[in-house]
Amino acid sequence: MRVQVDAAFEPLLELEMEMATLVADWSNCDQCASYVARMVSHDRHDPIRHANLLSAALNELFEMSFHARESGGTLTFRVYRNGSIERIELAFPCSAEQRNLYETIVQRIRSGQALANYLDVITDDTAGAEQAILLGLAVNYDADIELSIRDKGTTTFVVDLALERLLN
């Protein structure tokens, strides 16, 4: 099911992939991120730098879905744009336990203590990759992250990135 997208956001790209294909090889995360970033960065002020930043952020999101280790179902990835903001919509199957973890992390981000939480996570060898990924996006990319559960067994992240602002 599609997440309701603000009418001001224009669709740029949609990618669907069987989860079994994604989790078969970790390098698929980087390859998908690089491809998508090059496709949507061509018309930015500095397309190479924009693609580089976007690719790094997208790679983190693809890796998060990779770490869910769900081989059934489909990963759906959409990119939208409104001015200087790219909106990433990533939907993938995951367990209820994993979804609860994501909800906790997003709540930590929204608490206003993302930097402190991020520093705690990156210095804790027992912290999960999901925590470092989501908190890192919020801190390093000033990403706005929302989580929605539309279908049973599928989690959807909506991540707004204002990379043009980071480039200036």
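All figures in this text were calculated on a predicted structure; none of them were measured in a lab. (Residues numbered from 1 in each chain as written. Predicted model: local features only at pLDDT ≥ 70, side-chain atom pairs only at ≥ 80, totals over all residues. Heavy atoms only, no water.)

1. A word on helix 2 (residues 27–41)
Part 1: The end-to-end C-alpha distance of helix 2, which contains 15 residues, comes to 21 Å, matching closely the 21 Å that a straight helix rising 1.5 Å per residue would cover.
Part 2: Within helix 2, the full set of buried residues consists of Asn-28, Cys-29, Cys-32, Ala-33, Ser-34, Val-36, Ala-37, Val-40 and Ser-41.
Part 3: At its buried positions, helix 2 is contacted by strand 1 (10–18), helix 1 (19–24), helix 3 (47–67) and strand 2 (74–82). (Helix = DSSP H or I, 4+ residues; strand = E, 2+ residues; numbered from the N terminus. Expected span 1.5 Å × (residues − 1). Buried < 20%, exposed > 50% of the residue type's maximum accessible area, 1.4 Å probe, protein only. Contact = heavy atoms within 4.5 Å.)

2. What about the packing of helix 3 against helix 6 (residues 129–140)?
Part 1: Put simply, helix 3 and helix 6 touch, their axes get as near as 10 Å, and they point 155° apart. As summarised for this structure, helix 3 and helix 6 are arranged roughly antiparallel, according to the angle between their axes. Seen from above, helix 3 lies across helix 6 with left-handed handedness. Contact residues: Ala-57, Glu-60, Leu-61, Glu-63, Met-64 and His-67 in helix 3; Ala-129, Glu-130, Ile-133, Leu-134 and Leu-137 in helix 6.
Part 2: Looking at the contact of helix 3 with helix 6 residue by residue, the class counts come to seven nonpolar, one polar and three charged. (Axes fitted to C-alpha atoms, helices over the stretch in contact; angles between N-to-C directions. Parallel < 35°, antiparallel > 145°, perpendicular 65-115°, else oblique. Left-handed = near helix turned anticlockwise from the far one by under 90°. Nonpolar A, V, L, I, M, F, W, Y, C, P; charged D, E, K, R; others polar.)

3. Some points on the sheet that holds strand 1
Part 1: Strand order in the open sheet made by the five strands is 1-2-3-5-4, with antiparallel pairing throughout. A strand with exactly one partner marks an edge of an open sheet, and here the two such strands are strand 1 and strand 4 (144–151). In this sheet, neighbouring strand axes are inclined to one another by 15° on average, regardless of whether the strands run parallel or antiparallel.
Part 2: In this structure, strand 3 (residues 85–93) lies alongside strand 5 (residues 154–161), joined through eight bridges in antiparallel fashion. Bridge pairing links Leu-90 to Phe-157 in strand 5.
Part 3: Most of the contacts of helix 4 (residues 96–110) go to strand 4, to which it runs at about 150°, and overall it touches strand 3, strand 4 and strand 5. (Pairing = 2+ DSSP bridges.)

4. A look at the pairing of strand 5
Part 1: Among the eight residues that make up strand 5, seven are buried, leaving the element largely enclosed by the rest of the structure.
Part 2: Counting the residues between successive antiparallel strands, the hairpin from strand 4 to strand 5 contains two residues, one of them, Gly-153, with a positive phi of roughly 90°.

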